[in-house]
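Here is what each chain is made of, one letter per residue.
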Amino acid sequence: MKTDIIVVGAGPAGVVAARSAADLGARTTLITRDEFGGMAANDGPVPVRTLAHAARLMREARQLGEYGIVVGQPVLEYPRLLARVAKVANDVRTHSLRREYLESLGVTIYERAGTAHFVDPHTIEATGGLRLQADKIILCGGGTSRGLPVPGFELTATHSDAWGLTSVPPSMLVVGGGATGVQVASIFNAFGSQVQLFQAGQRILPTEDEDVSAAVAAAFRESGMVVREGFGRIESFEKTRSGVRMNFSKDGKRDGVEAEIAVAAVGWIADTEGLNLATAGVEVNARGFVCVDSYLRTSARHIFAAGDITGRLMLVPQATQDGLVAATNAVLGTITTLGEQVSPIGSFTEPEYAQVGLTEVKAREKHEVVIAVMRFDETARTIIDGRTNGFCKLIANRKSGAILGCHVVGERAVEIVQVVAIAIAAGMQVDQLARVPLSFPTYAGILVRAAYRAAEQIHPNVSRQAHRE
Ligand SMILES: Cc1cc2nc3c(=O)[nH]c(=O)nc-3n(C[C@H](O)[C@H](O)[C@H](O)COP(=O)(O)OP(=O)(O)OC[C@H]3O[C@@H](n4cnc5c(N)ncnc54)[C@H](O)[C@@H]3O)c2cc1C
């Protein structure tokens, strides 16, 4: 079948690319190996966030007694939770991704079509038998979890295996303390697994502000999780009677740890294996991600790429922005680029953590800075809700007052930094943020206090504002 544009992969990047291409008048075909919605809707943030919400509900149920509400201890029925996860994923696919709208624009959708691969630079064939040709192609195949070349690695699980469990495992080893690893560890810790989190580097969440890594690790330990940073080098995994053993060594000393299940979260790579990119002349970089220019055009000029497959910031909002840019350029010619992006990042662990902009260390490398920290035990809303663990760190340029970064650990951290992302995008200075009368008592309100503290350091004689908290 001949079409103007083929989009490969129906995750957030592919869905937006197909919608944008069709909106701009292109005859568009969207082909995907699995279900519509991609990893995001079916295997990543949507289902994992649903598990995280269940963990939050259990935590809140345990807090009821503090507010005089008497109920029994919460008990998790894992199969019922998985049924809820499936329903949520289905609802997101149906309502949030607006599949009907795509179809109303004339996009032809081939779902569960098998893995697509290039037969020649303009022709794609899927393992399900479909053959398509197009003038332009947009690759939105996303990523997949990375393996390690150690004996027995096949005995480890990934976050996706959570969907196949019939009950919560009594013990779990999580290898990798990045965003996915800490999320899995935090959720199953809340569900009652005895979790051990092993991180090869010196701190978990290595791309977060150092204070955030330290606070999350401390909170994890306090909740009963074992956290081992700088544990050494993995030598092998082997089967035990009740699960898996990881053998590792450090400074010549061998050691081992066992659990019923070992989850490896040691990185994310591009899902390009089946695509046969060489046939189309599409180059990949040393890490295996598809190389693109600022128009998201690959080394083959009629082929574009968007989302995780390009290996930049691997998040849903970036994937959707990519999809729009790639489709616009594919249909109209290279007229638009991504430009500067403010990219808030966070995770729904217990405690939540989030960041936007520069970490303190990065900010100090380039700027003279002021740092303002507000602890969660100093604001009304967190005290009201009994959620006093955490802090908000605001980083600003001492000369201009410009907001450079914000890091939050604690309840609603992810929501709080969204406000700062808008402030940064709008070019606000800390004294301007300090004068926005945000509602009382709210979690976001902590930002006004932090901004005020930062502004005081920049202008020590600034007339004192009246603050409600
Ligand atoms: C556990 C976890 C939690 C996450 N949490 C968050 C979060 O909280 N917030 C956030 O913003 N991001 C989160 N992410 C990242 C987010 O899911 C990705 O950035 C996003 O899904 C990328 O979108 P995409 O469209 O590029 O690819 P995907 O969503 O991966 O979709 C790609 C689709 O293409 C299909 N495909 C691949 N190759 C082929 C082929 N050759 N032929 C046909 N089809 C193919 C795949 O089957 C898949 O369906 C999380 C990821 C994980 C793993």
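That block above? That's the structure.
The notes below deal with the structure included here. (Residues numbered from 1 in each chain as written. Predicted model: local features only at pLDDT ≥ 70, side-chain atom pairs only at ≥ 80, totals over all residues. Heavy atoms only, no water.)

## Some remarks on unusual backbone geometry
Logical step 1: The omega angle of the peptide bond from Glu350 to Pro351 is 5°, so this bond is cis rather than trans.
Logical step 2: With respect to the helices and strands, the residue Pro351 is situated in the loop between strand E17 (345–347) and strand E18 (353–357).
Logical step 3: Phe440 connects to Pro441 through a cis peptide bond whose omega is -10°.
Logical step 4: Residue position: Pro441 is located in the loop between helix H13 (430–434) and helix H14 (446–458).
Logical step 5: We note that Leu205 has phi near 50°; this positive angle belongs to a residue other than glycine.
Logical step 6: Looking at Leu205, the relative accessible area reads 3%, which means it is buried.
Logical step 7: Here Arg412, not a glycine, exhibits a phi torsion of approximately 65°, which is positive. (Helix = DSSP H or I, 4+ residues; strand = E, 2+ residues; numbered from the N terminus. Buried < 20%, exposed > 50% of the residue type's maximum accessible area, 1.4 Å probe, protein only.)

## Focus on the sheet that holds strand E11 (residues 233–239)
Logical step 1: With respect to topology, three strands assemble into an open sheet ordered E11-E12-E13, the strand pairing being antiparallel. In the strand order of this sheet, the two ends are held by E11 and strand E13 (253–259), each with one partner. Averaged over all pairs of adjacent strands, the angle between their axes in this sheet comes to 20°, without regard to strand direction.
Logical step 2: Here six bridges tie E11 to strand E12 (residues 244–250), and the two strands are oriented antiparallel to one another. (Pairing = 2+ DSSP bridges. Axes fitted to C-alpha atoms, helices over the stretch in contact; angles between N-to-C directions.)

## Focus: the nonpolar core
Nonpolar side chains in soluble globular proteins generally cluster together in the buried interior.
Logical step 1: The biggest cluster of nonpolar side chains holds 36 residues, and the ones touching the most others in it are Phe188, Phe191, Leu197 and Ile204.
Logical step 2: Broken down by secondary-structure element, the contributors of at least two residues to this core are helix H3 (45–63), helix H4 (78–96), strand E8 (171–175), helix H6 (179–190), strand E9 (194–199), helix H7 (210–222) and strand E14 (261–264).
Logical step 3: Counting residues per element, this core draws most heavily on H3, which supplies six residues.
Logical step 4: Not counting chain neighbours up to four residues away, the residues in contact with Leu197 comprise Val174, Gly176, Gly177, Gly181, Val182, Ala185, Ile204, Phe220, Met225, Val226, Val227 and Arg228.
Logical step 5: Within the second largest apolar cluster, 31 residues are counted, among which are Val370, Ala372, Cys392 and Leu433. (Core = buried A, V, L, I, M, F, W, Y, C linked by side-chain atoms within 4.5 Å. Contact = heavy atoms within 4.5 Å.)

## Describing helix H9 (residues 316–332)
Logical step 1: Under the 1.5 Å per step criterion, the end-to-end length of H9 is 24 Å for 17 residues, consistent within 8% with the ideal 24 Å.
Logical step 2: Gly333 lies just past H9 and shows a positive phi near 95°. (Expected span 1.5 Å × (residues − 1).)

## As for the sheet that holds strand E10 (residues 226–229)
For sheets, the rule is that strands pair by backbone hydrogen bonds, running either parallel or antiparallel.
Logical step 1: With parallel pairing, four strands are arranged side by side in an open sheet as E10-E9-E8-E14. Two strands close off the open sheet at either side, each with one partner strand: E10 and E14. Averaged over neighbouring strand pairs, the angle between their axes works out to 15° when direction is ignored.
Logical step 2: Of the pairings in the sheet, the one linking E8 to E9 comprises five bridges and is parallel in character. Residue pairing across strands places Met172 opposite Val195, the latter belonging to E9.

## Thoughts on the packing of aromatic side chains
Logical step 1: Applying the stated criterion across every chain, the model contains seven aromatic pairs.
Logical step 2: Ring geometry for Phe198 versus Phe248: centroids 5.5 Å apart, planes at 70°, classification edge-to-face. With a gap of 50 residues between them, Phe198 in strand E9 and Phe248 in strand E12 connect regions that are remote in the sequence. Of the two residues examined, Phe198 and Phe248, each falls in the buried class. (Phe/Tyr/Trp six-rings, centres within 6.5 Å; stacked < 30°, edge-to-face > 60°.)

## Looking at the packing of H3 against H6
Logical step 1: As a packed pair, H3 and H6 sit with axes 9 Å apart at the nearest point and diverge in direction by 40°. With respect to their mutual orientation, H3 and H6 come out oblique. At the point where H3 passes H6, the crossing takes the left-handed sense. Together, Val48, Leu51, Ala52, Ala55, Met58 and Arg62 of H3 and Gln183, Ile187 and Ala190 of H6 make up the contact between the two elements. (Parallel < 35°, antiparallel > 145°, perpendicular 65-115°, else oblique. Left-handed = near helix turned anticlockwise from the far one by under 90°.)

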